[in-house]
Amino acid sequence: MTYVLGLDLGTGSLKGLLMNKEGVVLTTKAADYPLITPQTGYSEQDPAEWLKAAEQVIKEIIEETPDASSGIEGISFSGQMHSLVLLDKENHVLRNAILWNDVRTTQQCHEITEVLKEDLIKITKNRALEGFTLPKLLWVKENEPDIWQQAAHFLLPKDYLGYWMTGNQQMEYSDAAGTLILDIEDKQWSKKILSTFDIKEDICPSLVYSTDCIGTVREELLEKLGLQGTIKVFAGGADNGCAAVGTGIVKEGFGLASIGTSGVFLSFEETGDKEYEGDLHYFNHAVKDAYYSMGVTLAAGHSLTWYRNTFAKNETYEELLKGITSVPAGSEGLYFTPYIVGERTPHIDSQVRGTFIGIDTNHTRDHFTRAVLEGITFSLKDSQVLMEEKAGKTFKKIISVGGGAKNKEWLQMQADIFDASIVTMETEQGPAMGAAMIAAVGVNWFADLKICAQEVVTYKEEIQSIPENVKKYEACYRKYREIYPATKDFFQK
């Protein structure tokens, strides 16, 4: 039997997924690695830990499926976006990787915005935020000049994994789009941005497509990992791009609502010429020559986790949520805003904080619980509305993944708030599935990612919206949108 292997290099762990030619997932394995936080606001990792995790995961997969040792035809990657890996001329890592969730670069973001002005959105389609790679490069340049002088190349995490496997360096478009250096439409490194900030162009890797072959697994690594034969390696994609592939968001008309620690509302874009003016993230897709737009709620599932840990620490999520069916849509006037760590879309406000508004003596804990779920979903609807208002999109079907897909009442809530049918995955494997699908297209099992998604991605039954609830939630959402402008100044320092 033949296989492909998808490796997802996440923030806290690396996941490996083995898939056969029929699109069946045979096994998944994961290995954790530590986060390094030298001071408040700093978030780093040692890239050597990623390599150890990859080695462990591959060996465990082969141990469970022995014929994968000689049966793997292709490998590809998904990875955390934005995080900076700096290499010297000999391709040695110069310092810990600065991760996407590191917030030390506020000053550099202000500088980028002030210097580039309207060219920033025109070229990159995105605003300067602490998560992106360019601010991290400027921070190193300004604060670690000795390291900057030695810097010859930069990569993103999954591209460093690809370099380790093949000895070749490159970056594909869906990840490059998150650097704030790529000209999104022209698909080339922006000479204007590089020259403006005095960054040498040859520090940037060559650009490739997600399904491009970037080499084969090195001979010495084959032996070390217990692999055999010639195994092709493909460029892969950014985690959100791969999540879109793995959930079938490869054509217009579908939305993706992903509720993890943070929340994402994502939509396929056929072209790169939409004018979102930086209100949404706008990136190149893993699907060749396509794009996706995306809004982010910083504390989606994190809001529910905080709520449970604070008010129901000894209860499971199932126990906590079982009473929400007794509370009507709209939680009888109780509202929650999930801004407990600030907010990204649509407000881009690091100072704002969450609120419960409208509390009265008739409200029970179940009201508060339902209000938390509604507030998280309203926050994601903010992104949906931006796409509808700015690009004329309509969403008849939305795929729900993550924590929001694990509770039937919450799924119904999403259908009613988004006013769309909600679909869940038959098996939810996340970005690793997208990475495996990229490898499957790379080895010519499928002609392209759209055809691969048709064959491989399967959904459960649809949940339809309830018209009377849709009407209630339309009124509630209008009030929800009034909360931020009415309270934002209270939280400013």
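Structure: see above.
Draft legend 1. Highlighting the pattern of salt bridges. According to the stated counting rule, one finds 27 salt bridges in the structure shown. The shortest N-O distance in the salt bridge between Glu 64 and Lys 29 comes to 2.6 Å. Of this pair, Glu 64 sits in helix H1 (residues 47-64) while Lys 29 is found in strand E3 (residues 25-32), placing the two residues 35 residues apart along the sequence. You can call Glu 64 partly exposed: its relative accessible area is 45%. Take Lys 29: its relative accessible area is 22%, and that puts it in the partly exposed class. Each of Glu 44, Arg 95, Asp 102, Arg 104 and Glu 144 takes part in a single network of salt bridges with overlapping partners.

Draft legend 2. Representation of the packing of H1 against helix H7 (residues 157-166). Remark: H1 packs on H7, axes separated minimally by 10 Å, with the N-to-C direction vectors making an angle of 65°. By crossing handedness, the relation of H1 to H7 is classed as right-handed. Across the interface between the two elements, Pro 47, Trp 50, Leu 51, Ala 54, Glu 55 and Ile 58 of H1 pack against Pro 157, Tyr 160, Leu 161, Trp 164 and Met 165 of H7. Looking at side-chain class alone, the contact of H1 with H7 contains 10 nonpolar, no polar and 1 charged residues.

Draft legend 3. Molecular detail of the pairing of strand E18 (residues 281-284). In terms of strand pairing, E18 meets strand E19 (residues 291-297) through 4 bridges, oriented antiparallel. Pairing of His 281 across the sheet is with Met 294, part of E19. What sits between E18 and E19 in their antiparallel hairpin is a turn of 6 residues, with Asp 289 showing a positive phi close to 65°.

Draft legend 4. Here's a closer look at the layout of surface pockets. If you add up the space inside the second largest pocket, you get close to 240 Å³. Ser 400, Ala 405, Lys 406, Lys 408, Leu 411, Thr 424, Met 425, Glu 426, Glu 428, Lys 460, Glu 461 and Ile 463 are the residues that line the second largest pocket.

Draft legend 5. Structural view of helix H17 (residues 449-456). Buried within H17 we find Leu 449, Cys 452, Ala 453 and Val 456. Each buried residue of H17 lies within a common arc of 100° when the element is viewed along its axis, so the set occupies one face. Away from the buried face of H17 by more than 90 degrees, exposed residues Gln 454 and Glu 455 are located. On the buried face of H17, the contacting elements are strand E2 (13-20), helix H11 (239-246) and helix H16 (431-442). Capping the start of H17, Asp 448 holds a side-chain oxygen 3.1 Å from the backbone nitrogen of Lys 450, two or three residues further along.

Draft legend 6. The arrangement of unusual backbone geometry in detail. The peptide bond linking Thr 345 to Pro 346 adopts the cis configuration, its omega dihedral lying at 5°. With respect to the helices, strands and loops of the structure, Pro 346 is situated in the loop between strand E20 (335-337) and strand E21 (355-357). In this model, Asn 91 sits at a positive phi of 70°, which is unusual for a non-glycine residue. When you line up the elements, Asn 91 lands in the loop between strand E6 (85-87) and strand E7 (97-98). Look at Asn 91 and you get partly exposed, because its relative accessible area is 21%. Of note in the backbone geometry, Asn 444 takes a positive phi value of approximately 70° without being a glycine. Note that Asn 444 resides in the loop between H16 and H17. Judged by relative accessible area, which is 65%, Asn 444 ranks as exposed.

Draft legend 7. Layout of the sheet that holds E18. One open sheet accounts for 6 strands, arranged E18-E19-E17-E16-E22-E23; its pairing is mixed. The sheet is open, and its two borders are formed by E18 and strand E23 (421-423), each paired with just one other strand. Geometrically, the sheet is characterised by an average inter-axis angle of 25° between neighbouring strands, direction not taken into account. In this structure, strand E16 (residues 254-259) lies alongside strand E22 (residues 397-402), joined through 6 bridges in parallel fashion. Within E22, the residue paired with Ser 258 across the bridge is Val 401. Against the sheet, helix H14 (residues 365-391) engages E16, strand E17 (263-269), E19 and E22, with an angle of about 20° to E17.

Draft legend 8. Representation of the nonpolar core within the structure. Within the largest apolar cluster, 129 residues are counted, with the highest numbers of intra-cluster contacts made by Leu 86, Phe 154 and Met 437. The contact partners of Leu 86, leaving out residues within four places of it in the chain, are His 92, Val 93, Leu 94, Arg 95, Leu 137, Val 140, Ile 147, Ala 151, His 153, Phe 154 and Ile 203. If you look at the next biggest cluster of nonpolar residues, it comprises 40 residues, including Leu 5, Ile 61, Met 165 and Ile 231.

Draft legend 9. The arrangement of the packing of aromatic side chains in detail. For the structure shown, the criterion picks out 21 aromatic pairs. With 6.2 Å between their ring centres and 40° between their planes, Tyr 160 and Tyr 163 make a pair best called tilted. Highlighted residues: Tyr 160 and Tyr 163, both in helix H7, separated by 3 residues, approximately one helical turn. Residue classification places Tyr 160 among the buried residues on the basis of a relative accessible area of 10%. Owing to a relative accessible area of 17%, Tyr 163 belongs among the buried residues under this scheme. When the centroid spacing of 5.8 Å and the interplanar angle of 70° are considered together, the rings of Phe 283 and Tyr 292 count as edge-to-face. Relative accessible area serves as the criterion here: at 0%, Tyr 292 is assigned to the buried category.

Draft legend 10. Inspection of the pairing of strand E5 (residues 72-79) at higher detail. Counting buried positions over the 8 residues of E5 gives 7, a clear majority of the element. Pairing of strand E1 (residues 3-9) with E5 involves 7 bridges; the strand directions are parallel. When the sheet's bridge partners are listed, Leu 9 is paired in E5 with Gly 79. Where E5 and strand E14 (residues 232-234) come together, 2 bridges link them in parallel fashion. When the bridges of E14 are listed, Ile 75 appears paired with Val 233. As paired strands, E5 and strand E15 (residues 237-238) are joined by 2 bridges and run parallel to one another. Each bridged residue has a counterpart across the sheet, and for Gly 79 the counterpart in E15 is Ala 238.

Rules behind the numbers
Residues numbered from 1 in each chain as written. Predicted model: local features only at pLDDT ≥ 70, side-chain atom pairs only at ≥ 80, totals over all residues. Heavy atoms only, no water. Salt bridge = Lys/Arg side-chain N within 4 Å of Asp/Glu carboxyl O. Helix = DSSP H or I, 4+ residues; strand = E, 2+ residues; numbered from the N terminus. Buried < 20%, exposed > 50% of the residue type's maximum accessible area, 1.4 Å probe, protein only. Axes fitted to C-alpha atoms, helices over the stretch in contact; angles between N-to-C directions. Left-handed = near helix turned anticlockwise from the far one by under 90°. Contact = heavy atoms within 4.5 Å. Nonpolar A, V, L, I, M, F, W, Y, C, P; charged D, E, K, R; others polar. Pairing = 2+ DSSP bridges. 1 Å grid on protein atoms, 1.4 Å probe; cavity = no way out; pocket = protein on both sides within 12 Å on 5 of 7 lines; lining within 4 Å. Points joined across faces, edges and corners; volume = space filled by probe spheres on them. Arc of directions from axis to C-beta. Polar contact = N/O pair within 3.5 Å; in protein donor to acceptor, adjacent residues only side chain to side chain. Core = buried A, V, L, I, M, F, W, Y, C linked by side-chain atoms within 4.5 Å. Phe/Tyr/Trp six-rings, centres within 6.5 Å; stacked < 30°, edge-to-face > 60°.

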